[in-house]
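Report on the structure
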Protein chains: 2
Amino acid sequence: MAYEIDKADLITLYPLATLEQFSRDFLRALGANDEEAAIITDGLMTASQWWHPGQGQGLEKFFRFFRQINNGGIIPNAKMEWVNEGPAYALLDAGKGFGYVSAHRAMTRAVEKAKVTGIAMVGVRHSNHFGIAGYHALHAAKNGMIGWAFTNAKAEMAPWGSAQVVLGTNPWGIAIPRKDTHAIVLDMALTMSGKGMMMWYEREGREMPDSWALTPDGKRTTDPAAAMQGPLLPIGEYKGYGLSLITDVLSGVMTGSLFGMTVFQDESHHDVGHVMLAIDPGAFMPREQVDARLEKLIAEVKSAPPIDAEKPVVLPGEVEFARMEQRKRDGVPLSRKTVDELRDLAQRLQVDFPL
Amino acid sequence: MAYEIDKADLITLYPLATLEQFSRDFLRALGANDEEAAIITDGLMTASQWWHPGQGQGLEKFFRFFRQINNGGIIPNAKMEWVNEGPAYALLDAGKGFGYVSAHRAMTRAVEKAKVTGIAMVGVRHSNHFGIAGYHALHAAKNGMIGWAFTNAKAEMAPWGSAQVVLGTNPWGIAIPRKDTHAIVLDMALTMSGKGMMMWYEREGREMPDSWALTPDGKRTTDPAAAMQGPLLPIGEYKGYGLSLITDVLSGVMTGSLFGMTVFQDESHHDVGHVMLAIDPGAFMPREQVDARLEKLIAEVKSAPPIDAEKPVVLPGEVEFARMEQRKRDGVPLSRKTVDELRDLAQRLQVDFPL
């Protein structure tokens, strides 16, 4: 994906360890406990190393945390409760705590259960934005399980044939562990693109594909500005609409969170729902055989000749892990604007600001 | 979808009961036992009532059954064995039996298990084409569970960035039960379209959208003929490629069936794999509340005003169930060509031919 921030000269690279330390200090100053600060920092650092500053999944999240903690939308160190449990399922009430934390705990529990039962599903209710879905899926893969993270989100997609937004982009993260190397990680919204990407096209004066979004009166367009108030288009047309609806049933309807047009609307009460699936890749046959068969499939996929000789076929997540290696070495990019705003916030909270 | 067969005057409508009786007789003459004949007939009749003759999912399947039974690809009345089992999972060896039957048994088992464990996953190895994925998902929904049917299929999709086919369309069926009415049923391939649909566009002399398929050298085209030997394009571009890969891991790699470029290539040894998930909608909270919340979400979705006033928003499967009602009344369409070919086959097998 060609998603880069506005101007390269407005970007500064910072050592990962510096950002990590600042993130933990900042979160503790906001009232997060040590475990929460560690989980959220890991999520934000993963996003910062995989993605680009313009995508807003890194330390840019602090501004929303600050607002939501002040308006009661997020409760740091929230009491989270296991309210229901069975052999292969459990439900966590996040108690308006950090979504990063509730989703992480839910996937941890799903993994523990799947080791016994082969597959497990853990729901989360009354939660908040959980960061990037692929991060939670990867948490399962790091523990040897296939992870599938579902969440609902703010309504930005219309049912197929309408232009009125009812359903979210409802992103999925799916991760498949590999022996001795990075997992396959598919992190994707159920829309063709997002408003952030459209804004970037608009700022750059570029036309966007007409498969991304509609005008508010339901017309296809290549003009990002014309579609900014319209609905995002789903992947595969009516198919992505169906997948988004089903995702809202799993993560919103079934868990007891908000869903449809009401979820993620009021910052003081986002009431997001998630569902974490963990699947034991070795449930059906010996794990070593499954691992070897997976590598055989991957070899077939990677051997497919590229259309553009300079762009070899990659696995889902492969570009992101390569970027992560590079940024561990060279530093993690933050936009000048974000750094300036973080400085103000750090001063307000009396947190050391090392950037 | 505007998928209709070539010419309306080449279609005849037959009473459902007549086709059902013929299907059972024909399957028994092929060596299927009573249970197999009943399951396959139900699958074929569902497809015949939901879809169109040109899509080839109805009695057109008999020609392939006949060929595959003769070449050893399908073994009627096959010994199917449960080879592995745990609390929330099981693996069925289909022993080259009918895919319709093995998938049906697998979903039945998944439903039984999910009633106890909340979620269950049943794999099938060494199977054959299972018909339409939505049929198997609906089987779960008819028993009160959310069903999710995965299968791998013949390689027709290239990894994103290549034009060499490695992965299948790998269709999904997902069904969500509703109180007192038809389930939501999403039945979808992970490609934007299929070769059958492209052939119809070609015969009609129509341009197809350039998002459907590539030429063999990897160029986008609106000419169906130019792309007939090229790869089908995935939904959501790289996203659908990732979903197809993951589906092959679940249904092919994990179950011990063929996968990637080898599955579904040799008619005497298709060796397809499936995975059936069943999820209890009431796992997390009382079922009555979940049912009521689902109807609230559906009401929001259906209240979205249509762009075209004559095309109201529909739920996944809604068009198909309406078509089913109509065909139960008016008859089920078969093309004249299919009827003629079935007549020949029936004579050969000395089966009464009532059409």
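A separate point is the overall build of chain A. Within chain A, the secondary structure is distributed over eleven helices and eleven strands. In terms of C-alpha radius of gyration, chain A reaches 20 Å, essentially the compact-globule figure of 20 Å for 355 residues. Counting only C-alpha atoms and orienting by the principal axes, one finds that chain A spans roughly 55 × 50 × 45 Å. Burial statistics for chain A: of 355 residues in total, 61% are counted as buried. Looking at chain A as shown, the accessible area adds up to about 13100 Å², and 50% of this sits on carbon and sulfur atoms.

Residues and elements named next belong to chain A. Each assigned domain of chain A is listed with its residue range as follows: domain 1 (1-71 + 317-355) and domain 2 (81-191 + 234-313). For domain 1 and domain 2, the distance between their C-alpha centres works out to 23 Å. Taken together, the contact pairs 24 residues of domain 1 with 21 residues of domain 2. Together domain 1 and domain 2 conceal approximately 2100 Å² of surface at their shared face, both sides included; 62% is due to carbon and sulfur atoms. In this structure, Arg105 and Glu35 form a salt bridge, with 2.7 Å as the shortest nitrogen-oxygen distance. Elements with a minimum of two residues in the side of domain 1 that touches domain 2: helix H2 (34-50), helix H3 (61-70) and helix H10 (318-330). Looking at the side of domain 1 that touches domain 2, the element that brings in the most residues is H2, giving ten residues.

A separate point is the nonpolar core. Grouped together as the largest cluster of nonpolar side chains are 106 residues, with contacts concentrated most on A:Met121, A:Trp148, A:Trp172, B:Met121, B:Trp148 and B:Trp172. Residues contacting A:Trp148, with those up to four places away along its chain left out, are A:Met107, A:Trp172, A:Gly173, A:Ile174, A:Val275, A:Met276, A:Leu277, B:Trp148, B:Phe150, B:Trp172 and B:Leu250.

Moving on, we come to the sheet that holds strand E10 (residues 272-279) of chain B. All names here are of chain B. Across the sheet, seven strands lie side by side as E2-E3-E4-E10-E5-E8-E9; this open sheet has mixed pairing. The two strands at the open ends of the sheet, each matched to only one other strand, are strand E2 (81-86) and strand E9 (181-188). When strand polarity is set aside, the average angle formed by the axes of neighbouring strands in this sheet is 15°. In the sheet, strand E5 (residues 146-151) pairs with E10 via six bridges, with the strands oriented antiparallel. Residue pairing for E10: Phe150 is matched across the bridge by Val275.

Contact residues are listed per partner, giving 85 residues for chain A and 84 residues for chain B. In total, chain A and chain B occlude about 6800 Å² of area from one another, counting both sides; carbon and sulfur atoms represent 76% of this. A per-residue breakdown of the area chain A buries against chain B is headed by A:Lys239, A:Met254 and A:Phe284, which together make up 12% of the total. One can count zero salt bridges joining chain A with chain B.

Between two packed helices, both the angle of their axes relative to each other and the distance between the axes serve to describe the pair. Residue and element names in this part refer to chain A. It is at 10 Å that the axes of H2 and helix H5 (residues 133-142) come closest, and there the two elements cross at 110°. The angle between the axes of H2 and H5 places the two elements in the roughly perpendicular class. Where H2 crosses over H5, the handedness of that crossing is right-handed. Across from Ile39, Asp42, Gly43, Thr46 and Trp50 in H2, the residues of H5 making contact are Gly134, Tyr135 and Leu138. Across the contact of H2 with H5, the residue classes tally to four nonpolar, three polar and one charged.

This part covers H3(A). An α-helix turns once every 3.6 residues. As a result, residues three or four positions apart point the same way. Residue and element names in this part refer to chain A. Within H3, seven of the ten residues are buried, leaving the element largely enclosed by the surrounding structure. The complete set of buried residues in H3 reads Lys61, Phe62, Phe63, Phe65, Phe66, Gln68 and Ile69. Contacts made by the buried residues of H3 are with helix H1 (16-29), H2, helix H4 (99-117) and helix H11 (336-349). At the exit of H3 stands Gly72, carrying a positive phi of roughly 85°.

For a regular strand, side chains alternate in direction, first toward one face of the sheet and then toward the other. Residues and elements named next belong to chain A. Of all five residues in strand E3 (residues 89-93), five are buried, a share of seventy percent or more. Residues Tyr89, Leu91 and Asp93 of E3 are buried on one face, and the alternating residues Ala90 and Leu92, pointing to the opposite face, are buried as well. Relative to E3, strand E2 (residues 81-86) runs antiparallel, the two sharing five bridges. For Asn84, the partnering residue across the bridge sits in E3 and is Leu91. Joining the antiparallel neighbours E2 and E3 is a turn of two residues. The sheet contact formed by E3 and strand E4 (residues 119-127) spans five bridges and is parallel. Each bridged residue has a counterpart across the sheet, and for Leu92 the counterpart in E4 is Val124. Viewed along the sheet, the connection from E3 through H4 into E4 turns out right-handed.

What follows concerns the relation of the copies chain A and chain B. Taken together, a rotation about one axis and a shift along it account for how the two chain copies relate. Take chain A, turn it by 180°, move it 0.0 Å along the axis, and it overlays chain B with an RMSD of 0.0 Å. The superposition operator between the copies reduces to a two-fold rotation axis. The residues that chain A uses at the interface reappear at the interface of chain B in 99% of cases, marking a shared surface.

Residues and elements named next belong to chain A. Secondary-structure assignment places Thr215 in the loop between helix H6 (195-204) and helix H7 (224-227). The exposure class of Thr215 is buried, given its relative accessible area of 10%. One polar contact links Thr215 to Asp217, side chain to side chain, over a distance of 2.5 Å.

Here we take up helix H8 (residues 238-253) of chain B. With 16 residues, H8(B) ought to run about 22 Å at 1.5 Å a step, and its terminal C-alpha atoms sit 21 Å apart, in line with that. Counting buried positions over the 16 residues of H8(B) gives 15, a clear majority of the element.

Take the sheet that holds E2(A) next. Residue and element names in this part refer to chain A. In space, the seven strands of this open sheet follow the order E2-E3-E4-E10-E5-E8-E9, with mixed pairing throughout. Of all the strands in the sheet, just E2 and strand E9 (181-188) have a single pairing partner and so form its edges. Averaged over all adjacent pairs, the angle separating strand axes in this sheet is 15°, with direction ignored. Bridge count for strand E5 (residues 146-151) against strand E8 (residues 172-178) is four bridges, and the pairing is antiparallel. Residue pairing for E8: Ala149 is matched across the bridge by Gly173. Docked against the sheet, helix H8 (residues 238-253) engages E4, E5, E8 and strand E10 (272-279), running at close to 95° with respect to E5. Along the sheet, helix H9 (residues 287-302) contacts E8 and E9; its crossing angle with E8, the most-contacted strand, is approximately 110°.

So, on to the environment of B:Asp93. Residues and elements named next belong to chain B. One can find Asp93 in strand E3 (residues 89-93). Given a relative accessible area of 13%, Asp93 falls into the buried group. In contact with Asp93, other than residues within four places in its own chain, are Lys79, Met80, Glu81, Val83, Arg125 and His126. A distance of 2.8 Å separates a polar side-chain atom of Asp93 from the backbone nitrogen of Gly95. Among the polar contacts made by the side chain of Asp93, one reaches the side chain of Arg125 at a distance of 3.0 Å.

Calculation rules
- Residues numbered from 1 in each chain as written.
- Chains lettered and ligands numbered in written order.
- Predicted model: local features only at pLDDT ≥ 70, side-chain atom pairs only at ≥ 80, totals over all residues.
- Heavy atoms only, no water.
- Helix = DSSP H or I, 4+ residues; strand = E, 2+ residues; numbered from the N terminus.
- Rg over C-alpha atoms; globule rule 2.2 N^0.38 Å.
- Buried < 20%, exposed > 50% of the residue type's maximum accessible area, 1.4 Å probe, protein only.
- Areas by Shrake-Rupley, 256 points an atom, 1.4 Å probe, with all protein chains shown as cover.
- Domains from an automatic or database assignment.
- Contact = heavy atoms within 4.5 Å.
- Buried area = accessible area lost by both parts, 1.4 Å probe.
- Salt bridge = Lys/Arg side-chain N within 4 Å of Asp/Glu carboxyl O.
- Core = buried A, V, L, I, M, F, W, Y, C linked by side-chain atoms within 4.5 Å.
- Pairing = 2+ DSSP bridges.
- Axes fitted to C-alpha atoms, helices over the stretch in contact; angles between N-to-C directions.
- Parallel < 35°, antiparallel > 145°, perpendicular 65-115°, else oblique.
- Left-handed = near helix turned anticlockwise from the far one by under 90°.
- Nonpolar A, V, L, I, M, F, W, Y, C, P; charged D, E, K, R; others polar.
- Right-handed = clockwise from strand over helix to strand, strands pointing away.
- Least-squares fit on C-alpha atoms with pLDDT ≥ 70 in both.
- Polar contact = N/O pair within 3.5 Å; in protein donor to acceptor, adjacent residues only side chain to side chain.
- Expected span 1.5 Å × (residues − 1).

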